[in-house]
Amino acid sequence: MDEESKVKIEETVREILNESDMTEMTEFKVRNLASERLGIDLSDKSHKAFVRGIVKSFLEEVESKQQQEEEEEEEDRAKEGNKELDDDGDLIICRLSDKRRVTIQEFRGKSLVSIREYYKKDGKELPSSKGISLTDEQWSTFKKNIPAIEDAVKKMESRI
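The shown structure was predicted, so the numbers you read here are calculated from the model rather than taken from an experiment.

1. Description of the domain arrangement of the protein
So, step 1. Split into domains, the protein comes out as domain 1 (3-79) and domain 2 (91-158).
So, step 2. The centre of domain 1, based on its C-alpha atoms, is set 53 Å off from the matching centre of domain 2.

In structure tokens, the structure reads:
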């Protein structure tokens, strides 16, 4: 088989594969369609092996693209924070432990950062009274003071 024939066969097979419903297409069907389009008999062993290699390469490329797209979607979801909601519909920012979590909730028209313990009742996880909810202003004050809090914790640890 000369190089020109190989190029024409590969182009035609890839074109057929790109146009096809991959749940319905078989290597046999691809080979027959390519034979019809090219006017070449592709049923001998060397042609079958060549077409099989093209199909295999195409499928590997498709699978690789799908995996890459899935990884990109996962990265996008991670960037968005996955947007997990609790049973009350509050946005879970992070889980500190089995029973503790940080959520953003709406209460009387205000957004609150809530750091709270949860308990299970009737299959639902519900917030307990153990915790704190901070308004935007309180949260901003807390964030500004995190370095001072970290320094104080380090000093306490160094005494131990």
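2. As for the UniProt feature "domain: DEK-C" (unreviewed entry) in the protein
So, step 1. In the UniProt entry, the feature "domain: DEK-C" (unreviewed entry) is given for residues 3-60.
So, step 2. Split by type, residues 3-60 is 78% helix and 0% strand. Its first and last C-alpha atoms lie 23 Å apart.

3. Remarks on the sheet that holds strand 2 (residues 91-95)
So, step 1. Read across the open sheet, the five strands follow the order 1-2-3-4-5; overall the sheet is antiparallel. In this open sheet, the two edge strands, each paired with only one partner strand, are strand 1 (84-85) and strand 5 (124-134).
So, step 2. Where helix 4 (residues 136-144) meets the sheet, it contacts strand 4 (110-121) and strand 5, and its direction lies at approximately 70° from that of strand 5.

4. Let's talk about the pairing of strand 5
Side-chain positions along a regular strand alternate between the two faces of the sheet.
So, step 1. In this sheet, strand 5 lies alongside strand 4 in antiparallel orientation, the contact comprising eight bridges. If you follow I115 over to strand 5, its bridge partner there is I132.
So, step 2. Counted between consecutive antiparallel strands, the loop separating strand 4 from strand 5 contains two residues, among which D122 sits at a positive phi close to 50°.

5. Some points on the packing of aromatic side chains
So, step 1. Counted under the stated rule, the structure contains one aromatic pair.
So, step 2. If you follow R101 out to its NZ or CZ, it ends over the ring of Y118, 3.9 Å from the centre.

6. Things to note about the pairing of strand 3 (residues 100-107)
So, step 1. Pairing geometry for strand 2 and strand 3, over four bridges, is antiparallel. Residue L91 lies in a different strand from strand 3, and its bridge partner there is I104.
So, step 2. Turn length for the strand 3-strand 4 hairpin, with the two strands adjacent in sequence and antiparallel, is two residues, and the turn residue R108 shows positive phi of about 50°.

7. Digging into the pattern of salt bridges
So, step 1. Counted by the stated rule, this structure contains twelve salt bridges.
So, step 2. Here R14 ties to E61 by a salt bridge, and the two come within 3.0 Å at their closest N and O atoms. Remark: E61 occurs in helix 3 (residues 45-80) and R14 occurs in helix 1 (residues 3-19); sequence separation between them is 47 residues.
So, step 3. The residue R100 makes a salt bridge to E117 at a minimum N-O spacing of 2.8 Å. With a gap of 17 residues between them, R100 in strand 3 and E117 in strand 4 connect regions that are remote in the sequence.

8. Observations concerning the nonpolar core
So, step 1. Grouped together as the largest cluster of nonpolar side chains are twelve residues: I9, V13, I16, L17, M25, V30, A34, L42, V51, I54, V55 and F58.
So, step 2. Of all the secondary-structure elements, those providing two or more residues to this core are helix 1, helix 2 (27-38) and helix 3.
So, step 3. The residues contacting V13, other than those within four sequence positions of it, are V30, A34, V51, I54 and V55.

9. A closer look at the environment of T103
So, step 1. Structurally, T103 is set in strand 3.
So, step 2. Spatially, the C-alpha atom of T103 lies 20 Å from that of N145, the residues being 42 residues apart in sequence.
So, step 3. Residues contacting T103, with those up to four places away along its chain left out, are D86, D90, L91, I92, I93, L112, V113, S114 and Y118.

About the cut-offs
- Residues numbered from 1 in each chain as written.
- Predicted model: local features only at pLDDT ≥ 70, side-chain atom pairs only at ≥ 80, totals over all residues.
- Heavy atoms only, no water.
- Domains from an automatic or database assignment.
- UniProt positions renumbered as here; feature names shortened; annotations may be inferred.
- Helix = DSSP H or I, 4+ residues; strand = E, 2+ residues; numbered from the N terminus.
- Pairing = 2+ DSSP bridges.
- Contact = heavy atoms within 4.5 Å.
- Axes fitted to C-alpha atoms, helices over the stretch in contact; angles between N-to-C directions.
- Phe/Tyr/Trp six-rings, centres within 6.5 Å; stacked < 30°, edge-to-face > 60°.
- Lys NZ or Arg CZ within 6 Å of the ring centre and 35° of its normal.
- Salt bridge = Lys/Arg side-chain N within 4 Å of Asp/Glu carboxyl O.
- Core = buried A, V, L, I, M, F, W, Y, C linked by side-chain atoms within 4.5 Å.
- Buried < 20%, exposed > 50% of the residue type's maximum accessible area, 1.4 Å probe, protein only.

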